[in-house]
Amino acid sequence: DRTVNAGRLAADGELDANLRPRSLADFIGQAKVREQLELVLRGAQGRGGTPDHILLSGPPGLGKTSLAMIIASELGSAIRVTSGPALERAGDLAAMLSNLIEGDVLFIDEIHRIARPAEEMLYLAMEDFRVDVVVGKGPGATSIPLDVAPFTLVGATTRSGALTSPLRDRFGFTAHMEFYETDELVAVLARSARILGIALDDDAAVEVAGRSRGTPRIANRLLRRVRDYAEVRGTGEVTLPIARAALTVYDVDGRGLDRLDRAVLSALVQGFGGGPVGVSTLAVAVGEEPATVEEVCEPFLVRAGLIARTPRGRVATAAAWHHLGLVPPADALS
Ligand code: ADP
């Protein structure tokens, strides 16, 4: 149901693949991360070694997977892709590690969800390029040391705070990805429109960008929805009135909040008098997983200045009350 959210749908997966930036130069925005990463990669290349392990941290849809692929291609290396939830047993990870060749990039998405035994194996692999594989069970079990080819681990996480500190400490560089500014999303949209052959007016691009929750994946998704509308109800050209009408159909409001964002906001304001309230209570109130509310909705609502995190819980700001067409109480945070 989250048409405009960052969850991955199969069809959008293909779309994402076409639109993925292929090089650092092609990657829009995140100037700071790009500069830092360029230094890490060029430095290692100059020394003829493999770069330190890299952690990419930030909300969904900001380009972590794209950057992982770019890292591999900038290094001229192969990339092996897996994810935290797929590494349930240490043996799953041992199999991946033992197949690496020197210089490979191993990408682990959602690395904060890796199971404990696999995580412990990963420590040793990251630090010493070695794993101990345990064979057998009980008193007869033996541990066989295996060498792993020097590789670069690229981990991606929406919750760097959920990483254990031994794991976090083994990354030589952490890239903190920020939400994109509107002009950066305009550039993302212009690039995508060019690739997809969509006639997108400048002011329509600004409108769609402003409603994309600071997230390129959402910008691309909205672009497709707006294109559908333009082709079915108009001439195919995406103009400002067409973009506005399409976004209304898809329940994306003037600030880019979608239905779940608004549900969270109105639960906070109307259900809990503006807070403070814990994030899991809010999640129950809107019938969503706490992780979705915490990792997808909350970062954006905080960035938009609609909710604030306080030691006692989440609080609605005056802007949140106004956004819902309500008068804030006198003591509301501004
Ligand atoms: P994440 O792994 O952080 O969830 P992805 O790397 O899968 O995000 O990015 C989602 C999509 O957004 C990509 O397929 C790409 O189309 C687009 N995208 C993300 N970042 C950028 C960027 N900096 N420039 C252009 N497109 C981007």
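Just so we're clear, the structure is a prediction, and the values are computed from it rather than from any experiment.

Engineer: Mind showing me how you'd approach the overall build of the chain here?
Structural biologist: Assigned secondary structure in the chain consists of 14 helices and nine strands. Referenced to the eigenvectors of the C-alpha coordinate spread, the extents of the chain come out at roughly 65 × 45 × 30 Å. Looking at the chain residue by residue over its 334 residues, the buried ones come to 40%. Long-range contacts, defined as pairs at least 24 residues apart, comprise 67% of the intrachain contacts of the chain with a sequence gap of at least 6.

Engineer: Any chance you could explain helix α5 (residues 116-128) here in plain terms?
Structural biologist: Since the α-helix turns once every 3.6 residues, residues separated by three or four places project in the same direction. End to end, α5 covers 19 Å across 13 residues, agreeing with the expected 18 Å (1.5 Å per residue, within 8%). Within α5, the full set of buried residues consists of A118, M121, L122, A125 and M126. What you see down the axis of α5 is that its buried residues fit within an arc of 135°, all on one side. The exposed residues of α5 that point more than 90 degrees off its buried face are R116, E127 and D128. Lining the buried residues of α5 we find α4 (90-98), β4 (130-135) and β6 (152-157).

Engineer: Looking at this structure, I do not really get the pairing of strand β2 (residues 79-83). What am I missing?
Structural biologist: A regular strand places its side chains on the two faces of the sheet in alternate fashion. With five bridges connecting them, β2 and strand β3 (residues 105-109) associate as parallel partners. Residue pairing for β3: T82 is matched across the bridge by I108.

Engineer: Would you mind showing me how to read the UniProt feature "binding site: Mg(2+)" (unreviewed entry) in the chain here?
Structural biologist: As recorded in UniProt, the feature "binding site: Mg(2+)" (unreviewed entry) lies at T65. The residue T65 is located in helix α3 (residues 64-75) in this model. With 20 C-beta atoms counted inside 10 Å, the residue T65 sits in the buried group. In contact with T65, not counting residues within four places along its chain, are D109 and A156.

Engineer: Even after reading the chapter, I still don't get the environment of G273, so can you show me in this structure?
Structural biologist: With respect to the element layout, G273 can be found in the loop between α11 (259-271) and α12 (279-286). Residues G273 and V315, spaced 42 residues apart in sequence, show a C-alpha to C-alpha distance of 9.2 Å.

Engineer: Quick question: what am I supposed to make of the nonpolar core here?
Structural biologist: One recurring pattern in soluble globular proteins is that nonpolar side chains are buried together. Counting 67 residues, the largest nonpolar core has L56, A68, L93, L189, V208, A219 and V226 as the members making the most contacts within it. Element by element, the count of residues in this core is highest for helix α9 (residues 216-233), at six residues. Apart from the residues lying within four places of it in its own chain, the contact partners of L189 are L200, A205, V208, A209, A219 and L223. If you look at the next biggest cluster of nonpolar residues, it comprises 19 residues, including A283, V293, A304 and A320.

Engineer: Looking at this structure, I do not really get the sheet that holds β2. What am I missing?
Structural biologist: Adjacent strands of a sheet form backbone hydrogen bonds with each other and so pair up, either parallel or antiparallel. Strand order in the open sheet formed by five strands is β2-β3-β6-β1-β7, with parallel pairing between adjacent strands. Looking at the sheet topology across the chains shown, the edges are occupied by β2 and β7 (173-176). If you compare each strand with its neighbour and ignore which way they point, the axes differ by 20° on average. When strand β1 (residues 54-57) meets β7, the two strands line up parallel, connected through four bridges. The partner of L55 across the bridge, within β7, is T174. Most of the contacts of α3 go to β3, to which it runs at about 175°, and overall it touches β1, β2, β3 and β6.

Engineer: Help me understand the environment of S73, please; the structure alone is not making it clear to me.
Structural biologist: Mapping S73 onto the fold places it in helix α3. Measuring from C-alpha to C-alpha, the distance between S73 and L24 comes to 9.4 Å, with 49 residues separating the pair along the chain. Residues within four places of S73 in sequence aside, it is in contact with R22 and S23.

Engineer: Looking at this model, I keep getting lost on the UniProt feature "binding site: DNA" (unreviewed entry) in the chain. Mind explaining?
Structural biologist: Residues annotated by UniProt as "binding site: DNA" (unreviewed entry) correspond here to R309 and R314. In this structure, R309 sits in strand β8 (residues 307-310). Residue classification places R309 among the exposed positions, given that 12 C-beta atoms sit within 10 Å. Look past the residues within four positions of R309 in its chain and what remains in contact with it is V302 and R314. With respect to the element layout, R314 can be found in strand β9 (residues 313-316). Setting aside anything within four residues of it in sequence, one finds R314 in contact with L268, G275, P276, V277, V279, L282, I307 and R309.

Engineer: Quick question: what am I supposed to make of helix α8 (residues 202-210) here?
Structural biologist: Buried within α8 are the following residues: A204, A205, E207, V208 and A209. Residues of α8 that are buried sit in contact with α7 (182-196), α9 and α10 (240-249).

Engineer: It is not clear to me how the pairing of β1 should be interpreted in this structure. Could you clarify?
Structural biologist: Burial of the side chains of β1 extends over both faces: I54 and L56 are buried on one face and L55 and S57 on the other. Relative to β6, β1 runs parallel, the two sharing four bridges. Across the sheet, L55 pairs through a bridge with G155, a residue of β6.

The rules behind the values
Along each chain, residues carry numbers from 1 onward, in the same order as the chain's sequence is written. Owing to the predicted nature of the model, reporting of local features is limited to residues with pLDDT of at least 70; listing and counting of side-chain atom pairs is limited to 80 or more, with chain, interface and lining totals taken over all residues. Where helices and strands are cited, they refer to DSSP runs of H or I of at least four residues and of E of at least two residues respectively, numbered from the N terminus. Once C-beta atoms are placed from the backbone, each residue is buried if 20 or more other C-beta atoms lie within 10 Å of its own, exposed if 12 or fewer, and partly exposed for counts between those two. What counts as a contact here is a pair of residues whose C-beta atoms, placed from the backbone, lie within 7 Å. The span expected for a helix works out to 1.5 Å for each residue beyond the first. Regarding the arc, it is the one traced by the directions from the helix axis to the C-beta atoms. Only when DSSP finds a minimum of two bridges between them are two strands counted as paired. UniProt positions are given in the numbering used here, feature names are shortened, and annotations may be inferred rather than shown by experiment. Each nonpolar core comprises buried Ala, Val, Leu, Ile, Met, Phe, Trp, Tyr and Cys residues, the members being joined through C-beta atoms within 7 Å. Axes, fitted as lines to C-alpha atoms, cover a helix only where it is in contact. Angles between the N-to-C directions of the axes lie from 0 to 180 degrees.

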